Amino acid sequence: MNDNLGKWAVLAVVAMMLVGGVIGFVWLPRVVYSDQGFFAAWCSALGVPRSWAAFGARPVAKISSDVVITHELLEPARPADVGHGATLALRCTMCHGPTGISYANSPNLAGQYAVVIYKQLRDYKSGMRANAIMSEMARSLSDTDMREVADYYASLPRPAGFQLTGAAPAVVKWGAPMRNIAPCGSCHGDIDHTLASPWLKGEPRAYLRAELTAFASDQRHNDINAQMRAIADRMTPEEIDQAAAYYAGEH
Amino acid sequence: MMRNVSYRLMRKSALATAVLVALCIGASHAQQQPASAPSAFPGAQESLEQTVKRGEYLAQAGDCVACHTKHDGQPFAGGFPMPTPFGTLYSPNITPDAEYGIGKWSADDFYHMLHTGHRRDGSFIYPVMPFPAYTKVTRADSDAIFMYLRSVKPIPEPNRENGLRFPYDNRSLLLGWRELFFHEGEYRPDSKHNDEWNRGGYLVEGLGHCGTCHTAINKLGGNEDRKAYAGGLIPMQNWYAPSLTSNKEAGLGEWSLEEIVEFLRAGASQRGAVYGPMSEVVHNSLQYLSDADLRAMAVYLKDLPSRHETPPPGMLPGAAQLSAAVLAHGHAIYKAQCQSCHLGNGVGQPPGYPPLANNQSIEMQSAVNPIRMVLNGGYAPQTETNPRPYGMPPFAQILSDADIAAVVTYIRVSWGNHGQPVTTAEVNTLRSAPLLD
Amino acid sequence: MSTACPTRFGMSLLLLLLAPLGQAAEPGGLAKPGSPPPDTMFARVQGCSTCHGSMGQGTQDDYFPRIASKPPGYIFNQLQNFREGRRSYPPMNYLLAYLNDDYFHEIAQFFADQRLPFAQPERSRLPPAVLATGERLVREGDAGRQVPACVGCHGPQLTGINPGIPGLIGLHSRYISAQLTEWRAGTRHANSPDCMHEVAKRLTEEQITAVAGWLATQPAPAVPTPAAPGSWATPLPCGSQPR
């Protein structure tokens, strides 16, 4: 009787080991962590840092932006800023529209967070973000000018009557936790807002798609701590399309 | 005792219920009553062609085209956005298109709309359409305008839905507004005055709807009678419509009839030039009116009782202090930038370069207009009597807030002008005022 | 009360002292006070002076172009574009809103007739390789991307052709790159067929920077007037220029 029990116990343990092995070394890497490959899934499950294995890791530019968000940048606009910004912003109307709502695929600036616009202008000027016309435009702006333009655009009403129709796609609503993708709204204002994350609702679809693609390929690299590059890289092209269409208000 | 109390209570509640029910019935009745009066054949002694021509003239007097045409759109096809503090509205298509315009309307429908402020389905019209003024239009004139509109090119442009915020998107709430600000009725000639005065009154109060801008608009979006024509800040556009009363300081008290007529017809005169939203009015409407009609309007305006100017909201008396430094600074800028056209003594070279001395627009209580003129400049509108207008350049991009405040202060107090100084904060705020729609 | 009196007294004294400043005989202009302004186009176009210079020669500002000596048809098209909203720049849209085409022709002809010295060309910060790319694009175009050479329409001296093709000398690089970017984005429109939209669509951003940078460094042309119409065949059909 004792021998039989012992035999069954050993068999049970071995069976559990085999089942566990199949689950852990075959099924999980194949089905759930399929984007990483077997070896990468095993190593990361063991706690090996990604950089050791260099699995899908890309060399990340060390400095992504020299703009440091301080409490000074977050102060409300000084009274004269909006007016000065309005005069300066006349030269921006050619692409960004007379009311900050663009007629083309340049981003809408009306109602955007001031610190976002300021940071992008600083990055254009320093070369951290590159664009033929914006780099030129930003070069002629002083720090005060940038604050004023940013405060002016922040004071404008966001695109009127903009309704987000349809259900949010999965990547926007839930993100993809298995791939370290947070829901977009957790940073971009729908759910919560983290500093210097832009407001996305109403931006042109083509612009959003172009920027996500640029982040994914490292062509754009001025995001703080490479957060957007990491996320965009892990998004599939379909998810990028869906997110862009959703925030642009199109299906 | 209890029985008496409860009986009184019952009676009161019955009365209250009856009042409420009456109001509800009244509201729904007011909303849903369609036009049903039999139509009268318009002007049997006038040919159709003459009626259409007369209707065109009256439509110009009413300036229908300004709001019912969008920027790159066909005339009268609607779609023009009108931002208000309650949201943005879009004008409807009033071409004779059968599906989207007034193609299926009758003259009765049109008159009913103009006169009572109801749409064809019986619902209330938002008062951004100035029916409180157009109610004064006679039946014959309404028919003529209708015949003219029926003769323009039909455009199948669908009507755009208004973008009003809750609860303003509910038309039935307009019942309250109408109670306060709408007095239905055609213009009733005043027997104490002559025909010319009454014709002027008909045009100013009715088709011209001058009071819609030149009377202060309150928070409910209505004009108050006691402030009629005493001037007011136009919401959203941020221009100040000056007082038209016979007040000598703020209004037209010192203008002669000829000066008023010239001003309205040409857009520029010895007294000053039109600018801002008035440029559009002269360009699209007033330049087409006959001399007799313009004179009649001038007669009526000159006879308006003198009223103190309505100060713009938020204006603090004596907010800015006058200092020698500011005046000297303003004088220096005036010499460098303004003197070559407006001359050292401020008399200008009218009609091309208007005078600044003794100019109502410069010295009135509201500083909005002179500040905006310096910021944005402007060309007088091209009219038949002023076919090659002179213009003023914008200075927003080369003068700072302090510069502009100094020079505007300087012109408001010099040469006998009785204006108040302006602050840099006022200048700064107006930099972001919208330039066009 | 005690503070109001001195202020009012002070103000009256101030005005009394300063009154002579306002009413002194400083005629300023050429005409007597009160009489109409000179009946000249120069007097009429002073509305343009603070941005474009009193005679259209341009100012130091990067964003307001030189308009003197441009072809009259081109200037007319731009005035019309601003009034109709095909080009969007609120101060221009506002100034031109209630002026008609016949007056635009007069204004355009006035500026087209001006012969004024050019300002010093820009000193570019761009590396020589980029400027060389810009020059190559201007003179030869980019066959691979089907970009025609700029000189093909704008002339071998880049002085343009009457009535509708402008010269490109004397403009700031920021202005040129802004206009090319606007055409690419579709926020600036010309009469269709919009040839510049076609060209700008085919350019990369680096090419726009190079072209704008090189053009701004070019010295004043020997003969600044636009060529006569039909001087050569243009490679692209263009709504602004009759063929």
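Being a predicted model, the structure only gives us computed values, none of them experimental.

Attention now goes to the overall build of chain C. When helices and strands are tallied, chain C shows 11 helices and zero strands. If you list the helices and strands of chain C from N to C, you get α-α-α-α-α-α-α-α-α-α-α. Across the 243 residues in chain C, those meeting the buried criterion constitute 44%. If you take every contact in chain C between residues at least 6 apart in sequence, the share linking residues at least 24 apart comes to 71%.

On to the overall build of chain B, then. A tally of regular secondary structure across chain B gives 17 helices and seven strands. Counting the 437 residues in chain B, one finds 49% classified as buried. Taking all contacts inside chain B whose residues are at least 6 apart in sequence as the whole, residues at least 24 apart take part in 67%.

The next point concerns the domain arrangement of chain B. In terms of domain boundaries, chain B breaks down into domain 1 (19–181) and domain 2 (324–430). Taking the mean C-alpha position of each, domain 1 of chain B and domain 2 of chain B sit 40 Å from one another.

Residues and elements named next belong to chain A. Here helix H6 (residues 114–126) contains 13 residues, and its C-alpha end-to-end distance of 18 Å stays within 8% of the 18 Å for a straight helix at 1.5 Å per residue. The element H6 is extensively covered by neighbouring structure, given that 11 of its 13 residues are classed as buried. Those residues of H6 lying buried are Ala-114, Val-115, Ile-117, Tyr-118, Lys-119, Gln-120, Leu-121, Arg-122, Asp-123, Tyr-124 and Lys-125. In the core, the buried residues of H6 are packed alongside helix H7 (132–139) and helix H8 (143–155). Downstream of H6 by one or two residues, Gly-127 has phi in the positive range, about 90 degrees.

Size of an interface, as often reported, equals the accessible area lost when the parts are brought together. Each side of the interface is counted separately: chain B has 42 residues, and chain C has 39 residues. At the level of secondary structure, the elements contributing two or more residues to the side of chain B that touches chain C comprise helix H11 (277–284), helix H13 (324–342), strand E6 (378–379) and strand E7 (391–392) of chain B. Here the side of chain B that touches chain C gets six residues from one element, more than from any other, and that element is H13(B). Of the residues contributing to the side of chain B that touches chain C, the split by class is 21 nonpolar, 18 polar and three charged.

Turning our attention to the confidence of the model for chain B. The predicted model of chain B has a mean per-residue pLDDT of 88, with 87% of residues at 70 or higher. In the model, residues 27–43 of chain B has pLDDT below 50 throughout and makes 25 contacts with residues more than four positions away in sequence or in other chains.

The next subject is the sheet that holds strand E1 (residues 81–84) of chain B. Residue and element names in this part refer to chain B. On the basis of which strands lie adjacent, the open sheet formed by three strands has the order E1-E2-E3 and antiparallel pairing. On the outer flanks of this sheet lie E1 and strand E3 (163–164), each paired with one strand and no other. Inspection of the sheet shows strand E2 (residues 87–90) paired to E3 by two bridges, in the antiparallel sense. What sits directly across from Thr-88, in E3, is Gly-163.

The subject of this paragraph is unusual backbone geometry. Geometrically, the link from Phe166(B) to Pro167(B) is a cis peptide bond, its omega value of 0 degrees lying close to zero. Cis rather than trans, the peptide bond between Pro350(B) and Pro351(B) has omega equal to 5 degrees. Residue placement: Pro351(B) occurs in the loop between H13 and helix H14 (360–363). Its identity as a non-glycine residue notwithstanding, Asn225(A) has a phi of 60 degrees, on the positive side. Counting through the fold element by element, Asn225(A) comes out in the loop between helix H11 (205–216) and helix H12 (227–234). With a phi close to 65 degrees, Ser69(C) is a non-glycine residue in the positive phi region.

Here the focus is the packing of H11(A) against helix H13 (residues 237–248) of chain A. A pair of packed helices is characterised by two quantities: the angle between their axes and the separation of those axes. All names here are of chain A. One way to put it is that H11 packs onto H13 with a least axis distance of 8 Å and a crossing angle of 145 degrees. Classified by chirality, the crossing of H13 by H11 is right-handed. Touching Arg-205, Leu-208, Arg-209, Leu-212 and Thr-213 of H11 are Ile-240, Asp-241, Ala-243, Ala-244, Ala-245, Tyr-247 and Ala-248, all from H13. Residues of the contact of H11 with H13, tallied by class, amount to eight nonpolar, one polar and three charged.

As a further point, take the nonpolar core. With 134 residues, the main nonpolar core has Leu301(B), Ile371(B), Ile404(B), Val407(B) and Val408(B) as its most contacted residues. Here this core gets eight residues from one element, more than from any other, and that element is helix H16 (residues 401–413) of chain B. Each of domain 1 (19–181) and domain 2 (324–430) of chain B accounts for three or more of the residues forming this core. In this structure, Leu301(B) is in contact with Val204(B), Leu244(B), Leu252(B) and Ile260(B), ignoring residues within four places of it in sequence. Judged by nonpolar contacts, the second largest core, of 54 residues, contains Met94(A), Tyr124(A), Leu168(C) and Cys195(C).

Okay, the pairing of E1(B) next. Residues and elements named next belong to chain B. As judged from the four bridges shared by E1 and E2, these two strands associate in the antiparallel manner. Counted as the bridge partner of Met-82 is Leu-89 from E2. Remark: two residues form the turn of the hairpin made by E1 and E2, two consecutive strands paired antiparallel.

With that settled, the discussion passes to the environment of Ser155(A). All names here are of chain A. In this structure, Ser-155 sits in helix H8. Remark: the alpha-carbon pair of Ser-155 and Ile-240, spanning 85 residues in sequence, is separated by 29 Å. Those residues in contact with Ser-155 that sit more than four places away from it in its chain are Ala-77 and Val-82.

What follows concerns the confidence of the model for chain C. Residue and element names in this part refer to chain C. The share of residues in chain C with pLDDT of 70 or more is 86%, and the mean pLDDT across the chain is 85. Note that residues 9–32 has pLDDT below 50 and, in this model, 30 contacts with residues that lie over four places away or in other chains. Interface predicted TM-score (ipTM) for the complex: 0.85; the corresponding pTM is 0.82.

All names here are of chain B. Locating Phe-166 in the fold gives a position in the loop between E3 and helix H7 (174–181). Judged by C-beta crowding, with 7 C-beta atoms within 10 Å, Phe-166 ranks as exposed. Spatially, the C-alpha atoms of Phe-166 and Gly-87 are 9.3 Å apart, while their sequence positions differ by 79 residues.

Residue and element names in this part refer to chain C. Following both chains from N to C, one finds helix H4 (residues 72–84) and helix H6 (residues 101–112) inclined at 135 degrees, their axes separated by 8 Å at the closest point. Here H4 is positioned oblique relative to H6, judged by the angle of their axes. The interaxial crossing formed by H4 with H6 has right-handed handedness. On H6, the residues that touch Pro-72, Ile-75, Phe-76, Leu-79 and Gln-80 of H4 are Asp-101, Phe-104, His-105, Ile-107, Ala-108, Gln-109, Phe-111 and Ala-112. Here the contact of H4 with H6 is composed, by residue class, of nine nonpolar, three polar and one charged.

Residues and elements named next belong to chain B. By the element assignment, Leu-207 lies in helix H8 (residues 195–207). Exposure remark for Leu-207: the 28 C-beta atoms within 10 Å place this residue in the buried category. The spatial distance from the C-alpha of Leu-207 to the C-alpha of Tyr-57 is 11 Å, given a sequence separation of 150 residues.

Cut-offs applied
- Residues numbered from 1 in each chain as written.
- Chains lettered and ligands numbered in written order.
- Predicted model: local features only at pLDDT ≥ 70, side-chain atom pairs only at ≥ 80, totals over all residues.
- Helix = DSSP H or I, 4+ residues; strand = E, 2+ residues; numbered from the N terminus.
- Buried ≥ 20, exposed ≤ 12 C-beta atoms within 10 Å, placed from the backbone.
- Contact = placed C-beta atoms within 7 Å.
- Domains from an automatic or database assignment.
- Expected span 1.5 Å × (residues − 1).
- Nonpolar A, V, L, I, M, F, W, Y, C, P; charged D, E, K, R; others polar.
- pLDDT = per-residue confidence, 0-100.
- Pairing = 2+ DSSP bridges.
- Axes fitted to C-alpha atoms, helices over the stretch in contact; angles between N-to-C directions.
- Left-handed = near helix turned anticlockwise from the far one by under 90°.
- Core = buried A, V, L, I, M, F, W, Y, C linked by C-beta atoms within 7 Å.
- Parallel < 35°, antiparallel > 145°, perpendicular 65-115°, else oblique.

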